[in-house]
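Okay, here's what each chain looks like letter by letter:
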Amino acid sequence: MSKVLIIGAGGVGRVVAYKCAMQPQIFSEICIASRTESKCKEIANDIKKELKYQTISTSQINADLVNEVVDLMDNFKPVIVINVALPYQDLPIMEACLKSGVHYLDTANYEPKDEAKFEYSWQWKLHDRFKEKGLTAILGCGFDPGVTGVFTARAAKHIFDEIHYLDIVDCNAGDHGKAFATNFNPEINIREITQKGKYFENGQWVETEPHEISEVINYPDIGPKKSYLIYHEELESLVKNYPSIKRARFWMTFGDEYLTHLRVIQNIGMAGIKPITFKGQKIIPLEFLKAVLPDPGDLGSGYTGQTSIGCRIKGIKDGRFKTYYIWNNCHHEKAFNETKTQGVSYTTGVPASLGAELFLKGIWKNPGVWNVENFNPDPFLDLLGERGLPWNEEIDIDLEL
Ligand code: NDP
């Protein structure tokens, strides 16, 4: 029986709140706090009505300000905070956790606002301070990062003696019917996919031009999809935690139409993150673009098709070469029927609430700052299907890559 604070009331925050409320014996009381409190209230009202869960409150907060987060924590007294605001808020929220003695979980690593650069160094630096305070911080507990790290941990624990080649493959074969929309926060999404590609090979990071490398990959129940090599944050922690890895890459599908829109957005300067002056006011083009694009949290209604995300791994077991594929497929419609939002928010929110559940059960508890693969993957994967994301695996098949 524990209180949980959820910060962020977008599509992911909605799913986290629903999933926590579905486990009232674990999460006895929820506070959902965000910049715009009306969005928190909408989620809380839906949960009260649909799930008959009444111990949910809301709060307005600017999570960029450590003191505001500390005040809310000192007032509500949560055991853990699930941070599903934006990556910019990671450090202030972690700082507030250290001041108020609250455990921490997030789904995306810290990014400075003025530079599209995401890496774990800033958060890993807080390891000793979390450890001294006896506080656990679980980083990147969404799907990717998140479940992909847990999948890799399962492979390392049960399937291989040494992992040599890791390919994370992420396909969204859904159709939301919009000309252009992103499936999670547009600002963060566009920053992520317009940057240079990067993969790890033979102890070094190799940089590519954006979307320079592509392959047609077959996804289960979906079929062949053009997939592009991009950089993704979990590669950084996985190559560190599994030093036998010789090559690690991340692939994501994008449709031609999506890439054309993206190219135009970049060419006309709308993906810019440096402030410009417009009618005497400073605005950031990408922030303005976010304001006119569809809200990813509202894409759910009528969204058809499914996502498929997994790890394709090659390595050695008992001196023999082995291949392994582990994945989940998630239907947008099913996600919407359960939580009123689409599959990408769902595949992020389910693992976040499950990570917090395992922490509260004392299973994923270890003072310090950790990535998900540092914890035992078995209890997580035992429950993942039951919580809404069933997974599959195949051994010794052709991995294509
Ligand atoms: P949204 O933009 O829909 O929601 C973000 C929420 O955070 C909004 O409610 C927003 O408030 C709030 N917020 C922003 N700034 C502040 C602030 N300073 N103080 C308080 N609240 C703030 O994003 P998503 O729900 O799509 O994504 C949430 C997070 O999940 C992101 O960090 C994203 O990177 C991560 N993610 C992780 C994935 C994974 O698999 N690991 C996949 C997809 C997403 P307002 O409503 O006022 O804008």
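Residues numbered from 1 in each chain as written. Predicted model: local features only at pLDDT ≥ 70, side-chain atom pairs only at ≥ 80, totals over all residues.

### Thoughts on the site of the ligand
(1) Moving on: Close contacts around the ligand come from 34 residues, with Gly 10, Arg 35, Gly 142, Phe 184 and Asn 185 the closest.
(2) Moving on: Of all elements in the fold, only α1 (11–21) and α13 (343–360) reach the threshold of two or more residues within the shell around the ligand.
(3) Moving on: Grouping the constituent residues of the shell around the ligand by class yields 15 nonpolar, 15 polar and 4 charged.
(4) Moving on: Formed jointly, the shell around the ligand draws a minimum of three residues from each of two domains, domain 1 (2–139) and domain 2 (147–340 + 386–395). (Near = placed C-beta within 6 Å. Helix = DSSP H or I, 4+ residues; strand = E, 2+ residues; numbered from the N terminus. Nonpolar A, V, L, I, M, F, W, Y, C, P; charged D, E, K, R; others polar. Domains from an automatic or database assignment.)

### Notes on the sheet that holds strand β6 (residues 136–139)
(1) Moving on: A sheet is described by the order of its strands in space; here 7 strands give the open sequence β3-β2-β1-β4-β5-β6-β17, paired in parallel fashion. Where the open sheet ends on each side, the last strands, each with one partner, are β3 (56–60) and β17 (368–371). Taken pair by pair, the neighbouring strands of this sheet meet at an average axis angle of 20°, ignoring direction.
(2) Moving on: Here strand β2 (residues 27–34) runs beside β3; their pairing, made up of 5 bridges, is parallel. In the strand pairing of β3, Ile 30 is matched with Ile 56. (Pairing = 2+ DSSP bridges. Axes fitted to C-alpha atoms, helices over the stretch in contact; angles between N-to-C directions.)

### Describing the domain arrangement of the protein chain
(1) Moving on: Per the domain assignment, the segments making up the protein chain are domain 1 (2–139) and domain 2 (147–340 + 386–395).
(2) Moving on: On a C-alpha basis, the centroid separation for the pair domain 1 and domain 2 is 23 Å.
(3) Moving on: On the side of domain 2, 14 residues touch domain 1, which itself brings 16 residues to the contact.
(4) Moving on: Take the side of domain 1 that touches domain 2: its biggest share by element is 6 residues, from α1.
(5) Moving on: When its residues are assigned to classes, the side of domain 1 that touches domain 2 shows 8 nonpolar, 3 polar and 5 charged. (Contact = placed C-beta atoms within 7 Å.)

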